[in-house]
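The chain contents come next:
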Amino acid sequence: MAAFSFSRVGRSMRGVLLPTAAVIGFSCLLTYFFVLYQPTVGPGITQRLGWQAWDSVATVDYFDKEPSTPTVSGDPEEAQPIPGNDDETDWWSITSNQPWDTTDDIESYPLDVWAPLLPHDTGLSEIAITRCMMPPSLVGNLCTPTTTVEQDAIKGNWVRVDRDLNKQAGLWTLNIYYRRTRRLDIPLITDLRLLPANEIPEPLTDPWVKVEHSIRDGIMRAEPLYLWYLPGKTMNEMNAEEKVNLITEVDVLFGEDRPWYGFEKLEPPVTPEKEGQLESVYVTYRRGVQSVPRAHPLHFSRDGKFKILQVADLHFSVSRGVCRETDLDPCVNSDNLTNTLLGRVLDEEKPDLVVFSGDQLNGQGTSWDPKSVLAKFAVAATDRKIPWAAIFGNHDEENGDVKQEQLRMMKALPYSMVQRGPKDIHGVGNYVLDVKSADASMTSLLTLYFLDSGSYSSGYLDWLGYFFPTEYDWIHEDQINWFLQESSKIKPIERPFTPDTGKDFGSIWTRQADQITPTMRKLAKPNAIMFFHIPLLESYGTADRDPRTGQLLDIGLHDLEGSGAAKKSDGMFDKGLKKALESGHVAGGGIPEVKVVANGHCHITEDCKRVKDIWLCLEVEGKWFDRRFRIYEISDYGETIRTYKRTEKDEILNSYILAGPGAPLFNPRS
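The structure contained in this document is the topic of the report that follows.

Parameters and conventions
Residues numbered from 1 in each chain as written. Predicted model: local features only at pLDDT ≥ 70, side-chain atom pairs only at ≥ 80, totals over all residues. Heavy atoms only, no water. Phe/Tyr/Trp six-rings, centres within 6.5 Å; stacked < 30°, edge-to-face > 60°. Helix = DSSP H or I, 4+ residues; strand = E, 2+ residues; numbered from the N terminus. Buried < 20%, exposed > 50% of the residue type's maximum accessible area, 1.4 Å probe, protein only. Lys NZ or Arg CZ within 6 Å of the ring centre and 35° of its normal. Pairing = 2+ DSSP bridges. Salt bridge = Lys/Arg side-chain N within 4 Å of Asp/Glu carboxyl O. Contact = heavy atoms within 4.5 Å. Axes fitted to C-alpha atoms, helices over the stretch in contact; angles between N-to-C directions. Left-handed = near helix turned anticlockwise from the far one by under 90°. Core = buried A, V, L, I, M, F, W, Y, C linked by side-chain atoms within 4.5 Å. Expected span 1.5 Å × (residues − 1). Arc of directions from axis to C-beta. Patch = residues over 30% accessible without salt bridge, like charges linked within 9 Å, V, L, I, M, F, W, Y side chains within 5 Å. Areas by Shrake-Rupley, 256 points an atom, 1.4 Å probe, with all protein chains shown as cover. Disulfide = S-S within 2.5 Å.

**Here we look at the packing of aromatic side chains**
- For the structure shown, the criterion picks out twelve aromatic pairs.
- Here Tyr 449 and Phe 483 contribute two aromatic rings whose centre-to-centre distance is 4.9 Å and whose plane-to-plane angle is 85 degrees, an arrangement assigned as edge-to-face. Placement of the pair is Tyr 449 in strand E14 (residues 444-450) and Phe 483 in helix H9 (residues 477-489), with a sequence separation of 34 residues. There is no split in this pair, since Tyr 449 and Phe 483 are both buried.
- Among the aromatic residues, those joined into a cluster by ring pairs are Tyr 431, Phe 450, Phe 531 and Tyr 632.
- Between the NZ or CZ atom of Lys 371 and the centre of the ring of Trp 260, over which it lies, the distance is 5.5 Å.

Okay, here's the thing in structure tokens:
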């Protein structure tokens, strides 16, 4: 009887445990394949032994390098005027723009990674389009086009263009794939076409290849449209001109604006625009290697002037923009209108540097593809070959790519001076630029600090990302320490600065009639301006009084909206700005190195207020209100800083000298 009972219990246990073990085992298997299993490259990371022969591949992170800077030629001690330099300076010349960083080995760029910012000169051998019921990022290579080891060895591995053509609408994800090869005996693609189902490319004698799936596959009630590509000659058979016209990269653009620099749109759109419902989708492609122009080193003019134009809060979207908070009527396509206005202001002011002070992207669900937005936000400056810098605002990271990826994109745009900055402190894009003299001494006459003031701090309701944080972020202690460290590296100069006349430059340095003759000289750091997006609490504090008149030093519109500052602070004003002095000497008077802090963020407030000897300037958004832009005009070789605003009606408002001769005196150190 006991044996019978144990037998029954055993059968019962087996009936329960076997299915349970099967379920657990199957779950573990799925977890291994989709979560835990990450194929490693092993020792082959430095020597790839497969489909592209035995080429040695460098392990440089090409995707996170600082932009190469133009070559500064010559020794300051032996500097001579440089031919073809427009007589701007005596110490630099731009070498011919290279399409890639000359420190890179372009032959070592990876061929099996989609990296449209890399200047690949290697052609494509085959293109395919595949559908996938789940995002490829989740299922890996499950939806990759079929292939064989032999095809991979000959034509190259399949590379996914990581842009879903059906991102806005569609029953499944749809991606373009291509192969890229360095082999000299494989025909490479020289042209692309998009045609309806009943059309074929001409001339019929060319060996056009039709991609199997419609590029509109999965979009309901859409006429099929097919991608065709033309394999041309092999690399061995091409001349230099034909190599330049090779198709070297494929990308996708969302919206009706211009594609990324160096790319062309392939007409017609994959998805036509439906106003208020869908943004258009375009396939874009690049021929050859497009040289990205680099900005020249920042420098004063020979008569000691340098001008900065600040552009705050563009709030651009994937669409052409929606007009808000403006009296313009009719008003459509606000992004295009803003770029047109900005271009007109740039033509009038002719600044030496444009600073985009955050919220280039609108966020709030409208800038869901940051790359398509970043392709257009700086075109007013790049079209005019004006160097530009940028910082992040609180909206830039709300949708799509994170700041690190956005910064990589901005660094790859023409005339960009954006830098990543240190990775071990808060924020992305904390960096310093200096503006040098035009004479042979190459003296740094102005320091420009750029800091990331963050987006939002994590509040109590920000649980697993289901609730938006309710407070703005702030500049953190490690950023303050970084600023103080960078400030300590700035070398004092004799001020006011006088150009180097040690060389025989004839009448180059003839003193201007309006140039101020210095009556007192001092050894001190050059003046500095700091840019970050979210203002400090002190921007809403009590202003200093002008010792000459007793009037409050608060110039411009204010008190028309609530505070835009973060509620918390690590003490950037007192622990940072007030500690960084232009001179450590007891006779220096405690004058701060940073004379002006320039912010964005606020929609209406646009005043400059001096608080404890530091000017805190807010700039109204360049897209709303009565649109206007703030200009900082630095003269007398960095001694004098004047600011004013230019409106869309070409009015000049609130012109005021912030530092230098004619500015209110600093308060003596208590």
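Don't stop here, the text continues.
**What about the sheet that holds strand E5 (residues 209-210)?**
- Sheet architecture is open: three strands sit in the order E4-E6-E5, paired in antiparallel fashion. Edge strands, defined here as strands with exactly one partner in the open sheet, are strand E4 (187-196) and E5.

**A closer look at the pattern of salt bridges**
- Counted under the stated rule, the structure contains 35 salt bridges.
- A salt bridge links Glu 349 to Arg 646; its shortest N-O distance comes to 2.7 Å. Of this pair, Glu 349 sits in helix H5 (residues 334-349) while Arg 646 sits in strand E25 (residues 640-647), and the two are 297 residues apart along the sequence. Just as Glu 349 is buried, Arg 646 falls in that class too.
- Three or more residues joined by partner-sharing salt bridges are found here, namely Lys 307, Arg 344, Glu 349, Arg 646 and Asp 650.

**Thoughts on helix H8 (residues 403-411)**
- Within the sequence span of H8, burial applies to Lys 403, Gln 406, Leu 407, Met 409, Met 410 and Lys 411.
- In the core, the buried residues of H8 are packed alongside helix H6 (370-377) and strand E12 (388-391).

**Topic: the packing of H6 against H8**
- Direction vectors running N to C along H6 and H8 enclose 35 degrees, while the axes themselves pass 10 Å from each other. Handedness of the H6/H8 crossing: right-handed. Contact residues: H6 offers Pro 370, Lys 371, Leu 374 and Phe 377, while H8 offers Gln 406, Met 409 and Met 410.

**Describing the nonpolar core**
- Ranked by size, the top nonpolar core spans 97 residues in total, and within it Trp 388, Leu 448 and Tyr 632 carry the most contacts.
- Residues Ile 490, Phe 532, Leu 577 and Ala 580 belong to the second largest nonpolar core, which totals 21 residues.

**What to know about the sheet that holds E12**
- Read across the open sheet, the six strands follow the order E12-E11-E10-E24-E25-E26; overall the sheet is mixed. Whereas interior strands pair on both sides, the edge strands pair on one side only; in this sheet they are E12 and strand E26 (652-659). Here the strands of the sheet are splayed against their neighbours by 20 degrees on average, with no regard to which way each runs.
- Sheet topology note: the E25/E26 ladder contains five bridges and is antiparallel. Looking at the pairing, Arg 642 lines up with Ile 657 of E26.

**Observations concerning the environment of Thr 130**
- Structurally, the position occupied by Thr 130 is in strand E1 (residues 124-132).
- Once the C-alpha coordinates of Thr 130 and Arg 160 are considered, the two residues, 30 residues apart in sequence, prove to be 9.6 Å apart.
- Contact partners of Thr 130, with chain neighbours within four places excluded, come to Cys 143, Pro 145, Thr 173, Leu 174, Asn 175, Tyr 177 and His 213.

**Describing H9**
- For H9, spanning 13 residues, the distance from its first C-alpha to its last is 19 Å, which sits close to the expected 18 Å at 1.5 Å a residue.
- Residues of H9 that are buried: Gln 479, Ile 480, Trp 482, Phe 483, Glu 486 and Ser 487. One side of H9 carries all its buried residues, which in axial view fall inside an arc of 160 degrees. In H9, the exposed residues that point more than 90 degrees away from the buried face are Ser 488 and Lys 489.
- Tucked into the core, H9 has its buried residues touching strand E13 (431-436), E14, strand E19 (527-531), helix H10 (572-577) and strand E21 (594-599).

**A word on the environment of Asp 574**
- Note that Asp 574 resides in helix H10.
- On the basis of relative accessible area, Asp 574 is assigned to the partly exposed category, the value being 42%.
- Separated by 36 residues in the primary sequence, Asp 574 and Glu 538 have C-alpha atoms spaced 9.7 Å apart.
- In contact with Asp 574, not counting residues within four places along its chain, are Glu 538, Lys 579 and Lys 612.

**A short note on a nonpolar patch on the surface**
- Together, Phe 26, Leu 29 and Leu 30 make up an exposed nonpolar region whose accessible area comes to about 280 Å².
- Structurally, Phe 26 is set in helix H1 (residues 2-36).
- In this structure Phe 26 comes out as exposed when scored by relative accessible area, which is 51%.

**Some remarks on the state of the cysteines**
- This model, assessed by the stated rule, comprises two disulfides.
- Disulfide partner of Cys 132: Cys 143, at an S-S distance of 1.8 Å. Judged by the torsion about the S-S bond (55 degrees), the Cys 132/Cys 143 disulfide is right-handed. Within this pair, whereas Cys 132 is found in strand E1, its partner Cys 143 is found in the loop between helix H2 (136-139) and helix H3 (149-155), the two being separated by eleven residues in sequence.
- With relative accessibility at 14%, the residue Cys 143 sits in the buried group.
- Two residues share a disulfide in this structure: Cys 608 and Cys 617, whose sulfurs sit 1.9 Å from each other.

**Comments concerning the pairing of E25**
- When you tally the buried positions in E25, you get seven out of eight residues, the bulk of the element.
- Note that strand E24 (residues 628-635) and E25 share eight bridges and pair antiparallel. Directly across from Arg 630, in E25, lies its bridge partner Lys 645.
- Linking E24 to E25, which pair antiparallel, is a turn of four residues; within it Asp 636 sits at a positive phi near 55 degrees.

**Thoughts on unusual backbone geometry**
- For the peptide bond that leads from Glu 267 to Pro 268, omega is -5 degrees, which places it in the cis range.
- Positionally, Pro 268 belongs in strand E8 (residues 263-271).
- A cis geometry characterises the amide bond from Arg 495 onward to Pro 496, with omega recorded as -5 degrees.
- Assignment of secondary structure puts Pro 496 in the loop between strand E17 (493-495) and strand E18 (522-524).
- We note that Asp 359 has phi near 55 degrees; this positive angle belongs to a residue other than glycine.
- In this structure, Asp 359 sits in the loop between strand E11 (353-357) and H6.
- Exposure remark for Asp 359: the relative accessible area of 1% places this residue in the buried category.
- Positive phi is not limited to glycine here, since Tyr 415 has a value of about 60 degrees.

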